[in-house]
Amino acid sequence: MTEKEKLLHSALEGSRRDLSRLLSMIEKGEELSMPEREENPDYMILGITGPPGVGKSTLVGRIISYWKERGKKVAVLAIDPSSPRTGGALLGDRVRMDSANSGEGVFVRSLSTRGNPGGISASLMAMSKLLSCCGWEKIIIETVGSGQSEIKIVAFADKIVLVDGPDRGDIIQAEKAGIIELADLVVVNKSDVPSALKVAENIRSAFSFSNENDSPEVLLVSAERNDGIEEMMELIQSSESPLWRSRIKIRERLLSLWDHRLMSSPKLNQVIDDIETGSISLEDGLDILSG
Amino acid sequence: MKIVMAKPGLDGHDRGAKVIARALRDGGHEVVYTGLRRTPEEISRIVMDEDATALGLSTLSGAHDVLVPRICELLRESGMGHVMVFLGGIIPERDHEKMFSEGVRAIFGPGSRTEEILAFLGKSESRIENNQPVGVFNDDGWHWN
């Protein structure tokens, strides 16, 4: 048995320490062959995304508590950007997830965008698979942002929740860009702030312009006051992706895997050099990398 | 380096810990801040889940005498003896030797410069590369100050 197989064996047996070490290996871009995850209706990968400052981490804290109270094992992968200048990162999501720090049944890993040579989405996919193989039933992926790339990151999740807040309206911008189709539910947090109602109205109204009558629900909650959380969880569990949404998700997953395959190719630097010197064309480079 | 910055025990002042967290980030490190009032058990679990290389503890309450040995012990017990522990805050001179003997590798009191802390981390990184011990388990007695 190789070192990696030993670690995997012990992680599957329940070693938290070795699970954590394997997650680091995946983060660094190593491949890991895992058993298929058991079919279990209780298993869910939940993607939470939205602009900075809307209360995603506080909301994630509430979701952890909700599942924890129901006896579920919850794992969180919280992604924060790293500084493009120094490569350093300050990962502070834990501070707002009080429920994350107590108990054996909660596992939280903070990740920066830096440590992922092949693109974060592919490593998140592998990490989620590993966690569910090791018996973590509920996996929450938290990412900052409301732009196209951030929503793409969570395209592999079973359910995707977009979070917005009062005085932001970022989701309406996202609606313009046509990426909101990936969301199964839109949550407007900080419902105790009066302008939150207005934001929710605006999002609903933006949806009403669409021809599809299966736009995601828009729900007002207050993570701080624990208001509307049960309703949100019920909606997350009961929402079913219409066929077209499932197809968009599959498309995004293919794109992420494609990115990953190109970016993690050992020939990448050579191909870039060759294109730079003009000895091969972009198309040649792509053929070499994908070959 | 992936570093967990933690505030153990009942002390509610984290300005210092936040300043250090920020400085380490600017120095190119990945810093996970735990928030206030963590128990030794929570801290050891956070270090495990994050698979951190180092743990920075900030304490101003005077309880380092109990909390630090307990945290170091928990790290050793749970297979994380390789984790490097450093301390900041109010640690009286007379306690330094005891802290070092528990496995702490550096102590930074008031007036410490962030450049010095970064230099310490750089030195630790090169020790790790050369397979020299920095963790709370395997000891050759090295400490920064």
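None of these values were measured; they are calculated from a predicted model.

S.K.: So what's going on with the overall build of chain A? Which residues, and what values?
M.R.: When helices and strands are tallied, chain A shows eleven helices and eight strands. Within chain A, the fraction of its 291 residues that count as buried is 50%. Long-range pairs, those at least 24 residues apart, make up 74% of the contacts in chain A with a sequence separation of at least 6. A total accessible area of about 13,800 Å² is found for chain A, and carbon and sulfur atoms account for 50% of it.

S.K.: Give me the sheet that holds strand 3 (residues 54-59) of chain B: which residues, what numbers.
M.R.: One open sheet accounts for six strands, arranged 3(A)-2(B)-1(B)-3(B)-4(B)-5(B); its pairing is parallel. Unpaired on one side and paired on the other, strand 3 (89-91) of chain A together with strand 5 (104-108) of chain B mark the two borders of the sheet. Neighbouring strand axes in the sheet, compared pairwise and without regard to direction, differ in orientation by 20 degrees on average. Pairing of strand 3 of chain B with strand 4 (residues 84-89) of chain B, which is carried by six bridges, proceeds in the parallel orientation. Directly across from Leu55(B), in strand 4 of chain B, lies its bridge partner Val85(B). On top of the sheet, helix 2 (residues 40-50) of chain B reaches strand 1 (2-6), strand 2 (30-33) and strand 3 of chain B; it is set at about 160 degrees to strand 1 of chain B, its chief contact.

S.K.: Any chance you could break down the sheet that holds strand 1 (residues 44-50) of chain A for me, citing the residues and the numbers?
M.R.: Residue and element names in this part refer to chain A. Taken in spatial order, the seven strands make up an open sheet running 4-2-5-1-6-7-8, and their pairing is parallel. Only two strands of the sheet have a single neighbouring strand rather than two, namely strand 4 (106-112) and strand 8 (217-220). Strand-to-strand twist of the sheet, defined as the mean angle between neighbouring strand axes without regard to direction, takes the value 20 degrees. Bridge count between strand 1 and strand 5 (residues 138-144): seven bridges; the pairing is parallel. Across the sheet, residue leucine 46 finds its bridge partner in strand 5, namely isoleucine 140. The sheet contacts of helix 4 (residues 120-133) involve strand 1, strand 2 (74-80), strand 4 and strand 5, and relative to strand 2 the element is tilted by about 165 degrees. Contacting strand 6 (159-164), strand 7 (185-188) and strand 8, helix 7 (residues 195-208) crosses the sheet at an angle of about 180 degrees to strand 8.

S.K.: For the pattern of salt bridges, give the residues involved together with the corresponding values.
M.R.: Applying the stated rule across the entire model yields 24 salt bridges over all chains. Between Arg21(A) and Asp18(A) there is a salt bridge whose closest N-O contact spans 3.5 Å. Taken together, the residues Arg21(A) and Asp18(A), both in helix 2 (residues 16-27) and three residues apart, mark about one turn of the helix. On the basis of relative accessible area, Arg21(A) is assigned to the partly exposed category, the value being 31%. Here Glu42(B) makes a salt bridge to Arg38(B), at a shortest N to O gap of 3.9 Å.

S.K.: A description of the packing of aromatic side chains should follow, citing residues and the corresponding values.
M.R.: All names here are of chain B. Within the structure shown, the criterion is met by six aromatic pairs over all chains. Aromatic side chains phenylalanine 86 and phenylalanine 120 sit 5.6 Å apart centroid to centroid with 65 degrees between the ring planes, which places their arrangement in the edge-to-face category. Within this pair, whereas phenylalanine 86 is found in strand 4, its partner phenylalanine 120 is found in helix 5 (residues 114-129), the two being separated by 34 residues in sequence. For the pair phenylalanine 86 and phenylalanine 120, a shared accessibility class is recorded, and that class is buried. A ring pair is formed by phenylalanine 120 and tryptophan 142, whose centres lie 6.2 Å apart and whose planes are at 15 degrees; its orientation type is stacked. A residue pair is termed long-range when its members are at least 10 positions apart, and phenylalanine 120 in helix 5 and tryptophan 142 in the segment after helix 5 qualify at 22 residues. Judged by relative accessible area, tryptophan 142 falls into the buried class, the value being 15%. These aromatic residues form a ring-pair network of at least three members: Phe86, Phe108, Phe120, Trp142 and Trp144.

S.K.: So what's going on with the nonpolar core? Residues and values would help.
M.R.: Residue and element names in this part refer to chain A. Counting residues in each nonpolar core, the largest one holds 42 residues, and the members touching the most others are Leu19, Leu124, Leu130, Leu131 and Ile141. Those residues within four positions of leucine 19 in sequence are excluded, and the remaining contacts are Ala11, Phe107, Leu130, Leu131, Cys134 and Trp136. Core analysis: the next-biggest nonpolar cluster, separate from the first, contains 29 residues, Val54, Val74, Val76 and Leu185 among them.

S.K.: Quick rundown of the environment of Glu230(A)? Include the residues and the values.
M.R.: Residues and elements named next belong to chain A. With respect to the secondary-structure elements, glutamate 230 resides in helix 8 (residues 229-238). Each C-alpha atom of the pair glutamate 230 and serine 215 lies 21 Å from the other, and the pair is 15 residues apart in sequence. Excluding residues that lie within four positions of it along the chain, glutamate 230 makes contacts with Tyr66 and Arg70. Within the structure, glutamate 230 has its side chain in polar contact with the side chain of arginine 70 (distance 3.5 Å).

The rules we used
Residues numbered from 1 in each chain as written. Chains lettered and ligands numbered in written order. Predicted model: local features only at pLDDT ≥ 70, side-chain atom pairs only at ≥ 80, totals over all residues. Heavy atoms only, no water. Helix = DSSP H or I, 4+ residues; strand = E, 2+ residues; numbered from the N terminus. Buried < 20%, exposed > 50% of the residue type's maximum accessible area, 1.4 Å probe, protein only. Contact = heavy atoms within 4.5 Å. Areas by Shrake-Rupley, 256 points an atom, 1.4 Å probe, with all protein chains shown as cover. Pairing = 2+ DSSP bridges. Axes fitted to C-alpha atoms, helices over the stretch in contact; angles between N-to-C directions. Salt bridge = Lys/Arg side-chain N within 4 Å of Asp/Glu carboxyl O. Phe/Tyr/Trp six-rings, centres within 6.5 Å; stacked < 30°, edge-to-face > 60°. Core = buried A, V, L, I, M, F, W, Y, C linked by side-chain atoms within 4.5 Å. Polar contact = N/O pair within 3.5 Å; in protein donor to acceptor, adjacent residues only side chain to side chain.

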